Amino acid sequence: MASSSNPDLWSGLSGFGSSESATPDMRAALLKVNAEMFVAAPARDRESIETFETLMLGSLPRADAATLLALARILAPCADAPASVLDYLVQHAPDARALVLQHAAHLPETVNRRQLATPAGRLRLAARLDLDPATIRRLLLLGEEPVAEALAANPAVAPDTGLFKLLVQRARFRPALARVLLGRSDLAPSDAANLYLAAAATQRAAIRDHVAATLARRRMTLSCALTEEDIAELLAVSRRGDVERLEALLSTILGFPTSTEWRVLELGRHRLLALALKALGLGRRDATRIFLCLHPALSYPLSAIKELVREVRDVPGPVALALVEAILNVKALSGENAKG
């Protein structure tokens with residue numbers, strides 16, 4: 001809102017707009033001219049906005065649909081357009097409603113509520129650049145994937161907010177949502193590490209490089225030493241196809257909470273198993289045996305198992321462990337408290 005304006009600028013609406021001597025065309029022309037003057041004004045203070053609002057609301061009931069549509073086209077993009085005027089346009093002209101929803105600099109509360117009531121409305125809201133935190137939170141409550149993906153791509157949801165962090169946490173188990181977030185240029189490297197499993201090859205390489213650089217700066221050495229008994233049990237449960245027991249062993253050996261959700265056999269999460277085995281210090285031969293035995297999906301087609309073996313071969317153990325911690329959102333061997 002600008003700091004000052006002439007409060008009498010739109011006083012021409014008073015009297016003339018409601019005069020019986022004014023024809024419909026004259027009233028329509030006056031409404032449009034005054035709306036244009038309002039939008040073009042170099043400054044609009046609270047008094048002038050309230051004056052414009054009062055005069056418009058007094059004249060709008062006598063306007064036809066074409067005039068309401070024209071007014072919506074003029075006023076919707078204006079940040080100072082009174083919410084009550086926009087709300088009237090939305091409620092009384094279907095064509096104006098669509099225009100306001102698409103172009104309004106801000107949505108009236110009644111319009112906002114109406115949009116929140118339907119899937120299509122929520123999707124339209126999620127793409128708007130003027131979203132406030134309360135609306136974002138209400139959009140996220142229903143857990144709709146298309147809405148979450150629209151919010152993930154929306155710069156109005158800033159990376160340094162709790163709501164963005166909530167999107168990142170959801171994306172750990174939603175590859176499509178993760179890929180949208182990974183496409184943002186402002187995604188923090190730590191958030192990218194959380195989403196490593198959904199990243200493209202070039203993105204994974206960049207994430208690994210950042211993790212390695214971070215570990216080097218902290219002068220941290222993350223390592224795990226397997227016993228012969230540990231290796232034998234990992235191989236045995238894999239031969240039985242007992243993924244639940246395998247995941248429990250991984251948590252125990254790595255010092256993760258027993259409630260840790262690995263889901264290593266879910267599509268899109270197989271790479272996590274390769275990282276975990278490398279973090280444990282397991283050799284390529286034993287890791288390959290586990291891939292071959294645990295579930296056919298890990299070894300077919302041939303390119304699938306080659307990709308997993310490549311992860312074991314190319315990712316340094318400390319980096320693999322740091323990535324596992326980031327993907328699962330837990331901390332143990334790195335010496336930090338569990339995040340839950």
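If you're wondering where the values come from, they're calculated on a predicted model, not measured in any experiment. (Residues numbered from 1 in each chain as written. Predicted model: local features only at pLDDT ≥ 70, side-chain atom pairs only at ≥ 80, totals over all residues. Heavy atoms only, no water.)

1. Re the side chain of arginine 122
Stage number 1. Tracing the chain through its elements places arginine 122 in helix α7 (residues 119–126).
Stage number 2. Look at arginine 122 and you get buried, because its relative accessible area is 8%.
Stage number 3. A polar side-chain atom of arginine 122 sits 3.5 Å from the main-chain carbonyl oxygen of alanine 117.
Stage number 4. Ignoring any residue separated from it by four or fewer positions in sequence, one finds arginine 122 in contact with Gln115, Leu116, Ala117, Leu139, Leu142, Glu144 and Val147. (Helix = DSSP H or I, 4+ residues; strand = E, 2+ residues; numbered from the N terminus. Buried < 20%, exposed > 50% of the residue type's maximum accessible area, 1.4 Å probe, protein only. Polar contact = N/O pair within 3.5 Å; in protein donor to acceptor, adjacent residues only side chain to side chain. Contact = heavy atoms within 4.5 Å.)

2. Notes on the layout of surface pockets
Stage number 1. One number sums up the size of the second largest pocket: a volume of about 170 Å³.
Stage number 2. Looking at the lining of the second largest pocket residue by residue, the classes come out as ten nonpolar, two polar and five charged. (1 Å grid on protein atoms, 1.4 Å probe; cavity = no way out; pocket = protein on both sides within 12 Å on 5 of 7 lines; lining within 4 Å. Points joined across faces, edges and corners; volume = space filled by probe spheres on them. Nonpolar A, V, L, I, M, F, W, Y, C, P; charged D, E, K, R; others polar.)

3. As for the confidence of the model for the protein chain
Stage number 1. Counting all residues, the mean pLDDT for the protein chain is 86, and 88% of those residues have values of 70 or more.
Stage number 2. Contacts of residues 336–340 to residues separated by more than four positions or lying in other chains number nine contacts, the stretch itself having pLDDT below 50. (pLDDT = per-residue confidence, 0-100.)

4. Some remarks on the packing of helix α3 (residues 65–75) against helix α4 (residues 83–92)
Stage number 1. Packing of α3 against α4 brings their axes to within 10 Å, and their N-to-C directions diverge by 140°. For the element pair α3 / α4, the angle class is oblique. The element α3 and its partner α4 pack so that their crossing is left-handed. On α4, the residues touching Leu68, Leu71, Ala72 and Leu75 of α3 are Val85, Leu86, Tyr88, Leu89 and His92.
Stage number 2. The residue makeup of the contact of α3 with α4, split by class, is eight nonpolar, one polar and no charged. (Axes fitted to C-alpha atoms, helices over the stretch in contact; angles between N-to-C directions. Parallel < 35°, antiparallel > 145°, perpendicular 65-115°, else oblique. Left-handed = near helix turned anticlockwise from the far one by under 90°.)

5. So, the nonpolar core
Stage number 1. In this structure, Leu151, Trp262, Leu273 and Phe291 are the most contacted members of the largest nonpolar core, which totals 104 residues.
Stage number 2. The dominant element in this core, judged by the number of residues it contributes, is helix α19 (residues 317–328), at nine residues. (Core = buried A, V, L, I, M, F, W, Y, C linked by side-chain atoms within 4.5 Å.)

6. Examining the packing of aromatic side chains
Aromatic ring pairs are described here by two measures, namely the spacing of the ring centres and the angle between the planes.
Stage number 1. On inspection of all chains with the given rule, the structure shows two aromatic pairs.
Stage number 2. Taking the ring centre of phenylalanine 38 as reference, the NZ or CZ of arginine 44 above it sits at 5.3 Å. (Phe/Tyr/Trp six-rings, centres within 6.5 Å; stacked < 30°, edge-to-face > 60°. Lys NZ or Arg CZ within 6 Å of the ring centre and 35° of its normal.)

7. Structural notes on helix α2 (residues 46–59)
Stage number 1. An ideal rise of 1.5 Å per residue puts 20 Å on 14 residues; α2 measures up with 20 Å between its terminal C-alpha atoms.
Stage number 2. Check the buried side of α2 and you find it contacts α1 (24–40), α3 and α4. (Expected span 1.5 Å × (residues − 1).)

8. Things to note about the packing of helix α9 (residues 145–152) against helix α11 (residues 175–182)
When two helices pack together, their arrangement is given by the angle between their axes and by how far apart the axes lie.
Stage number 1. Packing of α9 against α11 brings their axes to within 9 Å, and their N-to-C directions diverge by 10°. As summarised for this structure, α9 and α11 are arranged roughly parallel, according to the angle between their axes. Listed contacts from α11 to Ala148, Glu149 and Ala152 of α9 are Ala176, Leu177, Val180 and Leu181.

9. Concerning unusual backbone geometry
Stage number 1. Here the amide bond leading from tyrosine 300 into proline 301 is cis, since omega sits at 0°, within 30 degrees of zero.
Stage number 2. Its place among the elements puts proline 301 in the loop between α17 (284–294) and α18 (302–314).
Stage number 3. Even without being a glycine, arginine 263 presents a positive backbone phi close to 50°.
Stage number 4. Tracing the backbone shows arginine 263 in the loop between α15 (243–254) and α16 (270–280).
Stage number 5. In this structure, asparagine 329 is a non-glycine residue whose phi angle is positive, near 60°.
Stage number 6. Considering the arrangement of structural elements, one finds asparagine 329 in the segment after α19.

10. Points about the environment of alanine 96
Stage number 1. Take alanine 96: it is sitting in helix α5 (residues 94–103).
Stage number 2. Along the chain, alanine 96 and leucine 71 lie 25 residues apart, while their C-alpha atoms are 8.3 Å from each other.
Stage number 3. Other than its neighbours up to four places away in sequence, alanine 96 contacts Leu68, Leu69, Ala72 and Leu89.

11. Re the pattern of salt bridges
Stage number 1. Tallied over the full model, the rule gives 15 salt bridges.
Stage number 2. Close ionic contact of aspartate 314 with arginine 313 constitutes a salt bridge, the shortest N to O distance being 2.6 Å.
Stage number 3. Accessibility expressed as a relative area gives 42% for aspartate 314, which makes it partly exposed.
Stage number 4. Among the salt bridges present, the one from lysine 331 reaches glutamate 325, with a minimum N-O distance of 3.8 Å.
Stage number 5. Salt bridges sharing partners connect three or more residues here, namely Arg204, Arg271, Glu307, Arg310 and Glu311. (Salt bridge = Lys/Arg side-chain N within 4 Å of Asp/Glu carboxyl O.)

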